[in-house]
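Working through the structure, step by step
Now for the letters of each chain:
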Amino acid sequence: MDLPQSVEDTHALLARGNYVADRSLATALYLSLSLKRPLFLEGEAGVGKTEIAKVLSETLGRRLLRLQCYEGLDASSAVYEWNYALQMVEIRMAEAVGDRDRAALEGDIFSRKFLIERPLLQALEPSASGPPVLLIDELDRTDEPFEAYLLELLSDFQITIPEIGTIAADEPPLVIITSNRTREIHDALKRRCFYYWVDYPNADREMEILAIKAPNAPADLSRQIVGFVQNLRDIDLFKLPGVAETIDWAEALTQLDKLTLDPESINDTLGTLLKYQDDIAKIQGSEASRILNEVNAELAGAAE
Amino acid sequence: MNAISPADGGLIAANIMHFGRALRAAGLPVGPGRVLDAIHAVQTTGLKSRQDFYWSLHAVFVSRRDERELFDQAFHVFWRNPKILERMMSLVLPSISNEAAAPEETLSPRVAAALAGNEAPQSEEQEKDTEVIFDAAMSWSRTEVLGEKDFEKMTNEEVEAARRAMRHMRLPIETVSTRRFQRDPKGPTVDMRATMRAALRDGGDTIPLLKRDRRQRRPPLIVLCDISGSMDRYSRMLTHFMHAVTNDRDRVHTFLFGTHLTNVTRYLRNKDIDIALEKVAENVNDWSGGTRIGTCLHDFNKHWSRRVLGQGAVILFISDGLDRDAGDGVAKEMRRLQGSCRRLIWLNPLLRYDRFEPKSLGVKAILPFVDDFRPVHNLNSLTELADALNRTGPRDSAEMAEWRRRAA
C-alpha cells in the first residue's frame, strides 16, 4: 500500500488499523512518513506507543522488524554477525584445495554470504512490498554507546561494516522509536527524529478505544471503567494505569460477566489495573468505593 | 495542498526562523538545522489549519516532554493572531516577530524574556547566606591531623585544606560486568571475529584462538544528601566531595533534601567548583531547615527512581536520620529505595560518637533497609568509604545484623 498523502489520510489509516489517534499524532506520523525521518515516541508505559508501529505495518502491508532494546545490546545482536562456522569451513576448503592466495580468501570470507543479518541490517534490505517498518522499542533501556551507533543509521540509513564497507538502503525504512523516558535520550539522536509525546487519552478518546478494543464490554460498564480510570490518574500513585491496563480490566470484568461496576468486583480485579502492591493497598476498599460513587454521580449527572 | 510557492515560502520561512530564534532564546535547543526541518515540515502538511501548523512545528522543535509548555506558550504568543495563517496564505505577510511583546497571560519568564529581547532574565534573587565563604588566609595543616579532625571542629584554614583534599578524591566503586565484550588474552571465551581475521593473516594454515571477556563498567552512583540544620556543617563540606565525584565520571546523580528534594546534578557538573556551588546555592532554598525524610524519599521514589536507578545503581544516603516527622512514612519509602538499587549505603556523621545508639525514630525506620552503615565526619572516613565501595560484600552483612539488633 502507498503511504498516506495527507494528515487526514494518516488519521484514516490508523483508524483502519483500529488505532484511535489524536490529530496531533497523525500530523507527526504523516511528517515522519513523508519526510522519511524516524518518529520518536515518548510516553508512560501502556499508552500504545509500540502499537503504532504494529498498526502501521499491518495497514501498509509492510514487514515489521522489531528491535527490543536492553542494556548491553551490541552490534552482534542488533546489526550483524559473521557466520563463523561457515567461515571456518571455507578456510578448511581453501586449505584443502591449496591454490588460493590470502587476499582472495579474505575477500571471500568477509562477504555478504557469510553475514548473519540482524534487524537493523535487515531493515535496509529492499523488499517487494516496500521498505519495512523498523520498530526500535524502549530505546531508553540501552546505553549511550548504542545510541551513538544508531546515529549513522537514522540520519543516512546506512550501516558501515569494516570488512565490507557501507551498506545503504535504496529506500529508507519507516522507523518508529519508543522510549519510556526512564532516562533522557541524547539530543543528537532526537534531532534526527520527529518527536511526539503520547499522553494518556481523555475520557471520550478512551471510550472510543474501549469500544474498539473491548467490543464485548457492555456500554454502561465501559463508561464506568473509563470514569474510574480517569479518576485514578488524578491520584498520587506510583504507577498510573495506562490504556493497556484499561483494556485488560474491561476484558477481565467482561469475562466475569459483570454488567456494572461494584466495589467487590473492583477489589477482586484491581490487580489487572494497578501493578504495585502499595498502590493496590491504597485504592482497595474504601477509596475504591469513594471513586466509584463519584463516577456514578458524574454519569448520572451527565445522563440527565 | 502544497500551496506555498517559493515567493511566499520565503516569508513564512522568515517567520519560522524568527520563531525558532525566540524558542532558542527561551532555552530550547533550536539550531538552523531544525529551522530548515520546520520549514520542510510545514510545507509538507500544508497551511490548512492552525492545529496542523502547531503540531508540525511541535514535532520538529520539541524533543523533550518538559519543553512542551515553553513551546505552547511561545507558539500562542508568537503566532497569536488567529488570522495570521489566512493572511499568510493570501500573501499579505507582515513581519509579526517584532510585535510579540506584552502577553496578557502569565508567561514562563524564559519565554517572556526571550520574546522581549535581550533584557536581563529575572531579577537576581537576594544573596543567601548559604554561599560558601572562602577564607583568604591559606595555611597548610598536616594531612594526617586533618584526616582525623571532625569537619565540625575545623578552623577556616583547615576547612579550606580539607576541601582541597576532597577535590582529588575518587570513588572507585566496584565494577559490574556488562553484556558487551572486549579483547582479553586471559578471557574465558573465544573472540571468533578476531580469531578469523588473525587466521586469515597467516593464510589460514593455523587458527590462533583469541580470547575475550565481558567489559567491566562502574554502575551509576546516586547521592542523596540531607542538608537540614543538624547536618549543616557536614553537608556543606560534602558538597565539595560530591562535586569531585560528579566530575570524575559519568552517571552520577546528586540530590539534596531538607524539606523538599532538589536535583543538583546539572549544577555540580560545572567543572569550576565556585560556579557549581554558586548555582547550587541559588537553586536550593531549604539549607539548614528541617528535615522531612519520608516526604523527600517519596518524591524521589515517585519521580526519579525509575529514571536514575537503572543498570544496577549504588546509592549513598547521607543523613543523620533525625526527622522532623518522627520517621513517619520513612520505612516504607526506604524499603522501596533499597528494592530498586543494587546497594544502599548510609553515611551518618553521628557515627563519630563511639556510643551512638540507633534509638531515634528516624534511625530505627531507616536501618532495616540499608546494606552498609558508615561514618562520614572527617577525611579519613571518606577515604575508608572509597575502600568500602570497592569491596564486594554481601547485601546482608554481620555488621548490619548487629546494628539492626541494637536498633530493635
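Before reading on, note that the structure itself is shown above.
Below: a short report on this structure. (Residues numbered from 1 in each chain as written. Chains lettered and ligands numbered in written order. Predicted model: local features only at pLDDT ≥ 70, side-chain atom pairs only at ≥ 80, totals over all residues. Heavy atoms only, no water.)

1. Side note on the overall build of chain B
Where we set the bar: In this description a helix means any DSSP run of H or I spanning at least four residues, a strand means any run of E spanning at least two, and both kinds are numbered starting from the N terminus. Residue exposure (1.4 Å probe, protein chains only): buried if accessible area is under 20% of the type maximum, exposed if over 50%, otherwise partly exposed. By definition in these notes, contact holds between two residues if any of their heavy atoms fall within 4.5 Å. Residue exposure ignores everything except the shown protein chains as possible cover, and the areas themselves are Shrake-Rupley values with a 1.4 Å probe.
What chain B contains, in helices and strands, is 17 helices and nine strands. The buried share among the 408 residues of chain B stands at 49%. Across chain B, every contact between residues at least 6 apart in sequence was considered, and the portion connecting residues at least 24 apart equals 75%. As displayed, chain B has an accessible area near 19700 Å², and 51% of this comes from carbon and sulfur atoms.

2. Focus on the packing of aromatic side chains
Residues and elements named next belong to chain B. What counts here: Two rings from Phe, Tyr or Trp (for Trp, the six-membered ring) form a pair when their centres are within 6.5 Å of each other. A pair whose planes differ by under 30 degrees is stacked, one over 60 is edge-to-face, and the rest are tilted.
Under the defined criterion, the tally for this structure stands at 28 aromatic pairs over all chains. Ring centres of Phe19 and Phe61 lie 5.9 Å apart, and the angle between their planes is 75°; this geometry places the pair in the edge-to-face category. Separated by 42 residues along the polypeptide, Phe19 in helix α1 (residues 6–25) and Phe61 in helix α3 (residues 50–61) bring together distant segments of the chain. For the ring pair Tyr54 and Phe71, a centre distance of 5.3 Å and an interplane angle of 70° mean the geometry is edge-to-face. Placement of Tyr54 in helix α3 and of Phe71 in helix α4 (residues 67–78) is noted, with a sequence separation of 17 residues between them.

3. Examining the pattern of salt bridges
Residues and elements named next belong to chain A. For clarity, the threshold we go by: Salt bridges, as used here, are contacts in which a Lys or Arg side-chain nitrogen is within 4 Å of a carboxyl oxygen on Asp or Glu.
For the coordinates displayed, the defined rule picks out 36 salt bridges over all chains. The salt bridge partner of Asp22 is Arg205, with a shortest N-O separation of 2.7 Å. Of the two residues, Asp22 is situated in the loop between α1 (7–16) and α2 (23–34) and Arg205 in helix α10 (residues 203–213); the sequence distance between them amounts to 183 residues. The partly exposed category is assigned to Arg205, whose relative accessible area is 23%.

4. Focus on the side chain of A:Arg181
Among the structural elements, A:Arg181 can be located in the loop between β8 (174–179) and α9 (187–190). Leave out the neighbours within four places in its chain, and A:Arg181 touches A:Glu42, A:Asp140, A:Trp197, B:Arg65 and B:Arg307.

5. So, the environment of B:Thr175
Residue and element names in this part refer to chain B. By the secondary structure assignment, Thr175 is in the loop between α8 (156–167) and β1 (176–183). For the pair Thr175 and Lys302, spaced 127 residues apart in the sequence, the C-alpha separation amounts to 27 Å. Among all residues touching Thr175, those that are not within four sequence positions of it are Gln216, Arg217, Arg218 and Pro219.

6. Digging into the packing of α2(A) against helix α2 (residues 32–45) of chain B
To be explicit about the condition: To get an axis, a line is fitted to the C-alpha atoms, and for a helix only the part in contact is used. The angle between two axes follows their N-to-C directions and goes from 0 to 180 degrees. Every angle not falling under 35 degrees, over 145, or within 65 to 115 is termed oblique; those three ranges are roughly parallel, roughly antiparallel and roughly perpendicular.
Closest axis-to-axis distance for the α2(A)/α2(B) pair is 10 Å, and the angle between their directions is 105°. The angle between the axes of α2(A) and α2(B) places the two elements in the roughly perpendicular class. Across the interface between the two elements, A:Thr27, A:Tyr30, A:Leu31 and A:Ser34 of α2(A) pack against B:Ala41, B:Thr44 and B:Thr45 of α2(B).

7. Remarks on unusual backbone geometry
All names here are of chain A. Here Asn18, not a glycine, exhibits a phi torsion of approximately 60°, which is positive. Considering the arrangement of structural elements, one finds Asn18 in the loop between α1 and α2. The class of Asn18 is partly exposed, set by a relative accessible area of 41%. The phi torsion at Arg181 lies on the positive side, around 60°, for a residue other than glycine.

8. Section: the layout of surface pockets
In this approach the atoms are scanned with a rolling probe the size of a water molecule, which exposes any empty space left behind. Selection criterion: A cavity here means a set of 1 Å grid points, computed over protein atoms only, where a 1.4 Å probe fits but cannot escape. A pocket is an open set with protein on both sides within 12 Å along at least 5 of 7 lines, and lining residues have an atom within 4 Å of a point. Grid points are joined across faces, edges and corners, and a volume is the space filled by probe spheres set on the points. In this classification, the charged set is Asp, Glu, Lys and Arg, the nonpolar set is Ala, Val, Leu, Ile, Met, Phe, Trp, Tyr, Cys and Pro, and all remaining amino acids, among them Gly, are polar.
Empty space within the second largest pocket amounts to approximately 810 Å³. In terms of lining, the second largest pocket is formed by 38 residues, of which the most central are A:Tyr19, A:Val47, A:Gly48, A:Lys49 and A:Val198. Elements with a contribution of two residues or more to the lining of the second largest pocket: α2, α3 (49–60), β9 (194–198), α10 and α12 (243–255) of chain A together with α3 and α4 of chain B. Examining the composition of the lining of the second largest pocket, we find that four residues originate from one element, α3(A), more than from any other. Looking at the lining of the second largest pocket residue by residue, the class counts come to 17 nonpolar, nine polar and 12 charged.

9. A word on the interface of chain B and chain A
This is how the line gets drawn: When two parts are brought into contact, each loses some accessible area as probed by a 1.4 Å sphere; the total of that loss over both is the buried area. Polar contacts, as used here, are pairs of N or O atoms within 3.5 Å; protein pairs need one atom able to donate a hydrogen and one able to accept it. Residues neighboring in sequence count only if both atoms are side-chain atoms.
Of the residues lining the interface, 46 residues belong to chain B; the matching set on chain A comes to 59 residues. Looking at the side of chain B facing chain A, the largest losses of area belong to B:Arg180, B:Arg193 and B:Leu200, adding up to 15% of the total buried there. For the interface between chain B and chain A, the tally reads 12 salt bridges. The shortest N-O distance in the salt bridge between A:Asp199 and B:Arg68 comes to 3.8 Å. For the pair chain B and chain A, the interface holds 16 residue pairs in polar contact (both at pLDDT 80 or more). Of all the secondary-structure elements, those providing two or more residues to the side of chain B that touches chain A are α2, α3, β1, α9 (192–201), α13 (293–308) and α14 (330–339) of chain B. Each residue belonging to the side of chain B that touches chain A can be placed in one class, and the counts come to 13 nonpolar, 13 polar and 20 charged.

10. Some thoughts on the pairing of strand β5 (residues 252–257) of chain B
Residues and elements named next belong to chain B. The condition is simple: Here, strands pair whenever DSSP counts at least two bridges between them. By convention, a crossover is right-handed whenever its connection, traced from the first strand over the helix to the second and viewed with the strands pointing away, goes clockwise.
Of all six residues in β5, five are buried; the element is thus mostly enclosed. Here strand β4 (residues 221–226) runs beside β5; their pairing, made up of six bridges, is parallel. Bridge assignment links Leu224 to a residue of β5, and that residue is Phe255. For the crossover that starts at β4, traverses helix α10 (residues 232–248) and ends in the parallel β5, the hand is right-handed. In the sheet, β5 pairs with strand β6 (residues 261–263) via three bridges, with the strands oriented antiparallel. Residue Leu256 lies in a different strand from β6, and its bridge partner there is Thr262.

11. Digging into the sheet that holds strand β2 (residues 189–190) of chain B
Residues and elements named next belong to chain B. On the basis of which strands lie adjacent, the open sheet formed by three strands has the order β1-β3-β2 and antiparallel pairing. The two strands at the open ends of the sheet, each matched to only one other strand, are β1 and β2. Sheet topology note: the β2/strand β3 (residues 211–217) ladder contains two bridges and is antiparallel. Paired with Thr189 across the two strands is Arg212, which belongs to β3.

12. A few points about the nonpolar core
To keep it simple, the criterion reads: Grouping buried Ala, Val, Leu, Ile, Met, Phe, Trp, Tyr and Cys residues that are joined through side-chain atoms within 4.5 Å yields what is termed a nonpolar core. The split into domains, and so the bounds of each, comes from an automatic or database assignment of domains.
One finds A:Leu120, A:Ile136, B:Ile16, B:Phe19, B:Leu57 and B:Phe61 to be the most contacted residues of the largest nonpolar core, which totals 95 residues. A total of seven residues in this core trace back to one element, the largest contributor, which is α3(B). The residues that make up this core include at least three from each of domain 1 (6–115) and domain 2 (177–217) of chain B. Excluding anything up to four places from it in sequence, B:Ile16 contacts B:Val35, B:Ala38, B:Ile39, B:Val42, B:Leu57, B:Phe61 and B:Trp79.

13. Points about α8(B)
The test is simple: In this analysis, the expected span of each helix is defined as 1.5 Å times one less than the number of residues it contains.
With 12 residues, α8(B) extends 17 Å between its outermost C-alpha atoms, agreeing within 8% with the 16 Å of an ideal straight helix rising 1.5 Å per residue. Taken together, the buried positions of α8(B) are B:Glu158, B:Val159, B:Glu160, B:Ala161, B:Ala162, B:Arg163, B:Arg164 and B:Met166.

14. Here's the deal with the sheet that holds β6(B)
All names here are of chain B. Judged by pairing direction, the sheet is mixed, and its six strands sit side by side in the order β6-β5-β4-β7-β8-β9 without closing on themselves. Looking at strand neighbours, the two that pair on one side only are β6 and β9 (372–374), the edges of this open sheet. Here the strands of the sheet are splayed against their neighbours by 20° on average, with no regard to which way each runs. Along the sheet face, α14 touches β4, β7 (314–318) and β8 (343–347) and points at about 130° away from the line of β8.

15. Examining α4(B)
The end-to-end C-alpha separation of α4(B) is 16 Å, in line with the 16 Å expected for 12 residues at 1.5 Å each. Residues of α4(B) that are buried: B:Glu67, B:Leu70, B:Phe71, B:Ala74, B:Phe75, B:Val77 and B:Phe78.

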